[in-house]
Structures are given as structure tokens and as C-alpha cells.
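Structural features, examined
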Amino acid sequence: MTGHRPRSARAGAPPTLPGTVGLVGLGVMGGSLAQALAARGVAVFGHTPDFAEGAAALEAGAVRDLRPTPASTARDVECWIVATPLAAFGGIFEAAAGAGPPRIMDLGSLQGPPLDRSAAAGLGRRHVSAHPMVGSEKSGFGGARADLYDGAPVWLSAGDETTPGARRAAEAFWSALGAEPRWIDAEAHDARMAVASHLPQLTATTLAAVMAERGVVPGDLGPGGRDTTRLAASSPIMWRDLLAESGPRVAPLMRALAAEAERWAERLEAGDLDAVVRAIDSSRSWRSS
């Protein structure tokens, strides 16, 4: 499973997609991207530290070949994409600083830290951070699927030094995959994700902990319980990395959630069902909007 020099393009690849892509990480996000690109005729050269994961990606035809290091995937490709846990980004960008990939993206769930780390490695002009608003509580290549990005909103952020060409290429890339790219400031994105993504994760985790303490097992749950605790099965390693960055933003949100839960307890203890119904109706209206 050693790499070789790829051709500059591959027959059948749509003109808005690169012919060759180097991809670091073949889990759910990276593996799904590899499958989607391979299905469109793009030659993907991947790296993963997990031998079984790499073998599965090769067998599925998601990658043309595996390369021995993250930096080696950045050589002789038109686009280089990092889809690893956030904590690894700095070292990966530094190792690839001399490889010179013309286009760089990442699939981080936060966008400020990847942009800062690529800029520090001298790669900022070519780098766009992409956050597809999809995912799974599963992990590894076994949870990947080629249609994961179909119709998905994808947040794009760029640094001050990112070139217009890199921005256009990133937008065209995701459009060609059938996703819906949209631009956002990195700081605004990360603040929004603390509320829209990280708070729901910790809420599901907290709910699962309360259930477990009271002897409820997943098999006891109906559809509502399964839906509201689905995220409790997420990777703790991934969330450790994310919360190392976003923890200060999420902490006051968890306190706000606790305060709202306390108000619910007071309504129930007082038998104030009118207040309960008003609160349910308010959240129902929000969810239906």
C-alpha cells in the first residue's frame, strides 16, 4: 500500500472537480468524501493510521492508493484535504508546508483553529475551511457513505490571505458534489456551532447519563428517546478535541440549559400546567418554523 505519482487528471471527472485529491483521514467524513469523489472519476490518494480502515477504503474503491504519511498525500495532487480530529491539524499542516498542494481544504467542525494553523505553516493563501453540516454518531470508514454530502449545507470560511482563486475552487468543488456551499466568517461560524452543534451533543450526553443512572437501557426507549439520545453514541475522542477549543463558549450555554431545566422543575412541582403548555407550544412553534 505505497503511493505512486498520480496523473494530473482522470477521465470522467467533472471539470469543477480536481482530477487528483490527497486526503488525510478516512473516517465517516473523509471516507464519505473519498467515496463521493471516486464515484465521480476523481483519483483519491489517502492516508489513515488505521490499517484496517485503509484496507477497507482500498477494497471499496474509495481510494486509488494509500500513502505512508499525511504529508505524502499533499504531493503531486491538485487538491489536498485534511479530515482528521482537530488536534492533529497543526502538525499535519506543518509537515506538509513544503509539499506545495495548490488547493487546500479541511473538514473541521470549527473553522478558526484550522485557518490559524494553516496560516502559521505558510499555507493560508491556498486554504479554505469547509464544514459540511452532516455527520453520524458512527465512526470509521464503516460508517461512511457516498451520498453523505448530497444536498448538504457546507459552511466555507477563508483567512484574510486566502486567494480569490482558492475561494472559487472550494465553492465549485462542493457544488460539483451536489452540496450547497455558503460563506461565513470563521469566528461567527464557531460561535454558531457552539449553540447549534456542541450544545445539542452535550445535552444528549447529559440526558443519556440521567437515564443510565436510573436503570434505563437503550432497548427501553421509544422513537423519541432514541432520537434525543442518538448523539450520545458519538466519538469521545472527537469531542475532546472540539471541546478543547469550544469549551469556553459552551459552558455558559450549559448553564443556561440548566437554568431552563430548573424552571421546568418549578412549573411541574407547582402543577402550573398552563405554563408547561405555553412553553411546549413556544418550542413547537420554533421547531416548525
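The notes below deal with the structure included here. (Residues numbered from 1 in each chain as written. Predicted model: local features only at pLDDT ≥ 70, side-chain atom pairs only at ≥ 80, totals over all residues. Heavy atoms only, no water.)

What follows deals with the overall build of the protein. In terms of regular secondary structure, the protein is built from nine helices and eight strands. Taken over C-alpha atoms, the radius of gyration comes to 21 Å for the protein, in line with the 19 Å a tight globule of 289 residues would show. The C-alpha extent of the protein, read off along each of the three principal axes, is 70 × 40 × 30 Å. A burial count over the protein gives 42% of its 289 residues as buried. In the protein, 69% of the contacts between residues at least 6 apart in sequence involve partners at least 24 apart. (Helix = DSSP H or I, 4+ residues; strand = E, 2+ residues; numbered from the N terminus. Rg over C-alpha atoms; globule rule 2.2 N^0.38 Å. Buried < 20%, exposed > 50% of the residue type's maximum accessible area, 1.4 Å probe, protein only. Contact = heavy atoms within 4.5 Å.)

So, about the pattern of salt bridges. In the structure shown here, the tally under the stated rule is seven salt bridges. For Glu213, the salt bridge is made with Arg214, and the minimal N-O distance between the two is 3.4 Å. Arg214 matches Glu213 in its accessibility class, with the two residues each being exposed. Here Glu260 and Arg263 are joined by a salt bridge, their closest N and O atoms 2.7 Å apart. Here Glu260 pairs with Arg263, and both are found in helix 8 (residues 236-270), just three residues apart, close to one helical turn. Judged by its relative accessible area of 39%, Arg263 falls in the partly exposed class. The network of salt bridges with shared partners includes Glu260, Arg263 and Arg267. (Salt bridge = Lys/Arg side-chain N within 4 Å of Asp/Glu carboxyl O.)

Moving on: helix 8. In this model helix 8 runs just 38 Å from its N-terminal to its C-terminal C-alpha over 35 residues, more than 12% under the 51 Å that 1.5 Å per residue would give. Taking the largest bend as the criterion, helix 8 deviates by roughly 75°, centred on Ser246, and proline Pro248 comes between one and four positions later. In this structure, the buried side of helix 8 is in contact with helix 6 (186-213) and helix 9 (273-288). Between the side-chain oxygen of the N-cap and the backbone nitrogen of Ile237 there are 3.3 Å, and the N-cap of helix 8 in question is Ser235. Downstream of helix 8 by one or two residues, Gly271 has phi in the positive range, about 70°. (Expected span 1.5 Å × (residues − 1). Bend = angle between axes of the 7 residues up to and from the residue. Polar contact = N/O pair within 3.5 Å; in protein donor to acceptor, adjacent residues only side chain to side chain.)

This next bit is on the sheet that holds strand 3 (residues 65-66). The strand order 3-2-1-4-5-6-7-8 describes an open sheet built from eight strands, whose pairing is mixed. Lying at the two open borders of the sheet, with one neighbouring strand each, are strand 3 and strand 8 (180-183). Set on the sheet, helix 4 (residues 112-120) makes contact with strand 5 (104-106), strand 6 (127-132) and strand 7 (153-158); between it and strand 6 the angle comes to about 160°. (Pairing = 2+ DSSP bridges. Axes fitted to C-alpha atoms, helices over the stretch in contact; angles between N-to-C directions.)

What follows deals with the side chain of Asp106. If you trace the backbone, Asp106 turns up in strand 5. In this structure, Asp106 is buried with no salt-bridge partner, the nearest side chain bearing the opposite charge being Arg117 at 9.4 Å. Polar contacts involving the side chain of Asp106 include one to the main-chain amide nitrogen of Gly108, which spans 2.8 Å. Polar contacts involving the side chain of Asp106 include one to the side chain of Ser129, which spans 3.0 Å. (Lys, Arg positive; Asp, Glu negative; His and termini not counted.)

Let us look at the packing of helix 8 against helix 9. As a packed pair, helix 8 and helix 9 sit with axes 8 Å apart at the nearest point and diverge in direction by 140°. Counting all contacts with helix 8, which are made through Trp264, Arg267 and Leu268, the residues of helix 9 involved are Ala275, Val276, Ala279 and Ile280.

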